[in-house]
Amino acid sequence: LAVINRITRLDGGCQKMSEVAIEEVLKYIKSQNYAEAFRALMENLELHPEKSNVVSDLLPFVLHEHTDRLQVEEKYSEIFECYDKVLQQFPKDCELLTELGSRLYKLGRFAESFNCFKQVLQIDPKYLKAFHSLQYVKDKLVERWHFRMLNDGFRNVTFKYAIWNKIKKGYDSVLDIGTGTGILALYAFQGHAKAIAACDTSDTMVGIAQKVFETNGMHEVDLLAKNSREIHEEDLKSGKPKLIVTEILDTGVFGEEILETLMHAKEHLLAESGEILPHNVTLMVAPFQSRSIAISSILLNESFEEYIFLNGYTVVAAQVEPYDSINVSQLPSFETLSAPIECLKVNFNNLAQMQEMYQGAEKTVKMKCLQSGHVDGFVVWFQLAVDENSGNVVDTLPNAKTCWDQAIFRLNHRLDVERGRLLSVTASCGGGYLRLRHPHNQPVDKCLEVPEDVLQFINDNDYLTKLEYDVNSLRKDGSFQIVMDFCPFPYIGIMLLKEKRTRKVYCSTQARTFVEFVAENNCIDSGCIEFLTSPLEASSSATKILFDLIILSPIHHCGDLNNTHIAMYPILRNMMQPRGVIVPEKIEVVGDVIRSEWLVKSSVVVHPEMVNMGTAAHINTYSTQHFLDISGNFEHEKITTLKVAELVLDDSLHENFVTFRMKEGEKVDGILYYFNIFFTRKSDPLVTRRNEGHNCCFISRGECDKKSQLTIHFIQNYGLIKCSIVEFD
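Residues numbered from 1 in each chain as written. Predicted model: local features only at pLDDT ≥ 70, side-chain atom pairs only at ≥ 80, totals over all residues. Heavy atoms only, no water.

## Observations concerning the overall build of the chain
Okay, so step 1: Looking only at helices and strands, one finds 25 helices and 31 strands in the chain.
Okay, so step 2: Computed over C-alpha atoms, the radius of gyration of the chain comes to 29 Å, within 12% of the 27 Å expected from 2.2 N^0.38 for 729 residues, which places it in the range of a compact globule.
Okay, so step 3: Projected onto its principal axes, the C-alpha coordinates of the chain cover approximately 85 × 70 × 60 Å.
Okay, so step 4: A separation of at least 24 residues holds for 76% of the contacts in the chain among residues at least 6 apart in sequence.
Okay, so step 5: As displayed, the chain has an accessible area near 31,600 Å², and 47% of this comes from carbon and sulfur atoms.
Okay, so step 6: Taking the 75 positively charged and 98 negatively charged side chains of the chain as two groups, their mean positions are separated by 4 Å. (Helix = DSSP H or I, 4+ residues; strand = E, 2+ residues; numbered from the N terminus. Rg over C-alpha atoms; globule rule 2.2 N^0.38 Å. Contact = heavy atoms within 4.5 Å. Areas by Shrake-Rupley, 256 points an atom, 1.4 Å probe, with all protein chains shown as cover. Lys, Arg positive; Asp, Glu negative; His and termini not counted. Charge placed at Lys NZ, Arg CZ, Asp CG, Glu CD.)

So this is what it looks like as structure tokens:
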């Protein structure tokens, strides 16, 4: 946005800019020759350092585009040579440092990216591009389930006593595979194991484990930064261990390669007559009914289907993974329609059985529906027998309040069932991946796949109805000559074309295939639709386009702001007809100040045992302050609701402070935020906080002092926002 504004200003001032030959740079930018643009900028900077402010406006954009092309060509050394040159001139430029952090992130160099974003925030704590990027990179370095797991006291104590009991029985040399923070190795140390080794593939987790071991005086632990399948007997200082412990399971058990890992360990690492913990796992399955899941799987909006002719096709969300991990206890609607039934069981101490399972052994089971309803898919959870003692079981069934989610296998339609109907599924884990095969899906040749956020958008009948009503109220005749509709699906644009109330619609390429299908089946001339990758593409057209109506999508389907669209408003206003309107015209940020033990335990390690062992201090460096896509049904207590701010629709820095009263000693854990969207200034708002909606939360903990009040500090920058609890002297 800065470069486009700068180009607009510079084009009219050739005389001034000729002093530093900026017109040459602009020529290269407009022809997309970013290598030459970068060279020219750096030469101009060297010759005319007094013009560095002009260069610094253009440089981040040119650097980004140039290094993007170098990355495609895999010229990584040249990429970082470019950054080195730039940062020598601008060592504390937050935009350039953030661009470097983002580049490192794209290249998978997360630890360096983490340090880069932290450096930016030390320079400018209000630079929200770096703040939000830091949250993403923290999740990459230490996935959030680590926090829930370390706060799960039952899971921890079950493993601890199982390990201690094995050590007492003579299994006193231990290898912890996938050690993470080192918790299982630490339990082995507390149980007086004679030799301990641990391994992990993550450099970040190995670094945390090393600090935990040092904190607890575990100086003799053999810590290896590698996959256990790369370990040979000679790598283990104390030889083959008598006991192997691990918990490399995902919600579908096998997704973290536990079968491959333990088959290798059993054959090559474990001492003869040694044992593996956990001992075995049993997988349970049941059909479920859940509108909360169905609305992100299939089209349920009957009003949409009544207006848009789909020619007998079913619209479904494109699925990348075979199953999703969802905490079903937090969904507004979820129920199983049959008793659960065992579908697979694997003994991790039986090599032959693991090999058979890995090679694709299947088991078919039948479930009897106990009530009539709609089957939306199948839910799978597991019972983990930590040892052969039947009482030492971690059960991840729905509502068990463990650290585990459940595995959700979606159907591509809602299957109507009557009480007593039998449903069959065939379960397997061939190749180390959990699969469910069944005959209950519709034929795929009658399904239209769309991105999940597109499906959720067209399923939101409240949003579409309000948007349609408010847009129609803008003009008496309801017509708009040229329209840009950049919602995930251009519903209003399609409606206007279908009803001959516009002659041209510009929309996103995101749902292009679906939009073209709709146009073809609804008698809409495809020549009236033009696809863009960004709203700003329209500004680069040879013929200047002025719009009567621009519809933006200010909120992502995860519940957070679409900061790109918010930041575009100043430029898009220059692309409007005199009476043109950009929708929405106004957005308010609303916050529920909440207490939530679940929220805290999902974001920071607070369990007393973990605090005492030093684990909390070392992992909490990577705790995040921002939660996305939270179900409105998660466990929390609302303290108060506040209007936090009215968004300023631009990319500049804005701040606001809101004070609220509380009782002395009351505690706050976070700010659950959502939005009031005013599509027009005169309309009533659409509130995004709804039962089936998705919400976001800033984790910010505070305790009320004797003044009986706390204050929320709101920051907006580059279309991004941040809320935090602050205290004033």
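## Here's the deal with the confidence of the model for the chain
Okay, so step 1: Of the residues in the chain, 95% reach a pLDDT of 70 or more, and the chain-wide mean stands at 92.
Okay, so step 2: Confidence over residues 6–20 falls short of pLDDT 50; this stretch has 23 contacts with residues more than four positions distant or in other chains. (pLDDT = per-residue confidence, 0-100.)

## What about the packing of aromatic side chains?
Okay, so step 1: Per the stated rule, a full pass over the model turns up 21 aromatic pairs.
Okay, so step 2: Residues phenylalanine 457 and tyrosine 463 carry aromatic rings whose centres are separated by 5.6 Å and whose planes lie at 65° to one another, so their mutual orientation is edge-to-face.
Okay, so step 3: On the accessibility criterion, tyrosine 463 (9% relative accessible area) is buried.
Okay, so step 4: Connected via pairs of aromatic rings, a cluster forms that spans Phe304, Tyr307, Phe489, Tyr491 and Phe514.
Okay, so step 5: It is lysine 27 that lies over the ring of tyrosine 28; its NZ or CZ is 5.1 Å from the centre.
Okay, so step 6: The ring of phenylalanine 678 is capped by lysine 586, whose NZ or CZ atom sits 4.5 Å from the centre of that ring. (Phe/Tyr/Trp six-rings, centres within 6.5 Å; stacked < 30°, edge-to-face > 60°. Buried < 20%, exposed > 50% of the residue type's maximum accessible area, 1.4 Å probe, protein only. Lys NZ or Arg CZ within 6 Å of the ring centre and 35° of its normal.)

## Some points on the UniProt feature "domain: Protein arginine N-methyltransferase" (unreviewed entry) in the chain
Okay, so step 1: Here, UniProt's "domain: Protein arginine N-methyltransferase" (unreviewed entry) annotation points to residues 327–429.
Okay, so step 2: Span residues 327–429 is 8% helix and 50% strand, its end C-alpha atoms 22 Å apart. (UniProt positions renumbered as here; feature names shortened; annotations may be inferred.)

## Quick word on the layout of surface pockets
Okay, so step 1: Space inside the second largest pocket adds up to approximately 1,600 Å³.
Okay, so step 2: For the second largest pocket, the lining is made up of 45 residues, of which Ser325, Ile326, Asp405, Leu628 and Asp629 are closest to its centre.
Okay, so step 3: Mapped onto the lining of the second largest pocket, the elements with two or more residues apiece are α9 (128–141), α10 (145–150), α15 (291–294), β8 (324–326), α18 (452–459) and β24 (626–631).
Okay, so step 4: Broken down by element, the residue count for the lining of the second largest pocket peaks at six residues, all from β24.
Okay, so step 5: Classifying every residue of the lining of the second largest pocket gives 16 nonpolar, 16 polar and 13 charged. (1 Å grid on protein atoms, 1.4 Å probe; cavity = no way out; pocket = protein on both sides within 12 Å on 5 of 7 lines; lining within 4 Å. Points joined across faces, edges and corners; volume = space filled by probe spheres on them. Nonpolar A, V, L, I, M, F, W, Y, C, P; charged D, E, K, R; others polar.)

## Concerning the nonpolar core
Okay, so step 1: Membership of the largest hydrophobic core comes to 225 residues, with the highest contact counts inside it found for Phe254, Leu283, Phe489, Phe514 and Phe547.
Okay, so step 2: Of all the elements, helix α4 (residues 34–47) adds the most residues to this core, at seven residues.
Okay, so step 3: When neighbours within four sequence positions are excluded, phenylalanine 254 is seen to be in contact with Leu259, Leu283, Leu344, Val346, Cys429, Gly432, Tyr433 and Leu434.
Okay, so step 4: The next biggest cluster of nonpolar side chains, apart from the first, holds ten residues, and it includes Met284, Ala286, Phe288 and Ile408. (Core = buried A, V, L, I, M, F, W, Y, C linked by side-chain atoms within 4.5 Å.)

## Topic: the UniProt feature "repeat: TPR" (unreviewed entry) in the chain
Okay, so step 1: As annotated in UniProt, the feature "repeat: TPR" (unreviewed entry) corresponds to residues 94–127 in the numbering used here.
Okay, so step 2: Within the segment residues 94–127, helix and strand shares are 79% and 0% respectively, and the terminal C-alpha atoms sit 8 Å apart.

## What about the sheet that holds strand β15 (residues 422–428)?
Okay, so step 1: Spatially, three strands are ordered β11-β15-β16 in an open sheet, and the strand pairing comes out antiparallel. Two strands close off the open sheet at either side, each with one partner strand: β11 (362–368) and β16 (435–437). When the angles between neighbouring strand axes are averaged without regard to direction, this sheet yields 30°.
Okay, so step 2: Note that β11 and β15 share seven bridges and pair antiparallel. What sits directly across from methionine 367, in β15, is leucine 423. (Pairing = 2+ DSSP bridges. Axes fitted to C-alpha atoms, helices over the stretch in contact; angles between N-to-C directions.)

## Here we look at helix α12 (residues 183–190)
In an α-helix, one full turn covers 3.6 residues, which means residues spaced three or four apart are oriented alike.
Okay, so step 1: Extensive coverage of α12 is indicated by the burial of six of its eight residues.
Okay, so step 2: Considered for burial, the residues of α12 that qualify are Ile183, Leu184, Ala185, Leu186, Tyr187 and Ala188.
Okay, so step 3: Among the residues trailing α12, histidine 192 stands out with phi positive, at a value near 70°.

## Some details on the state of the cysteines
Okay, so step 1: Using the criterion set out here, one finds zero disulfides in the structure.
Okay, so step 2: In this structure cysteine 523 is a free cysteine whose sulfur lies 13 Å from that of cysteine 528, the closest cysteine sulfur available.
Okay, so step 3: A relative accessible area of 72% places cysteine 523 in the exposed class. (Disulfide = S-S within 2.5 Å.)

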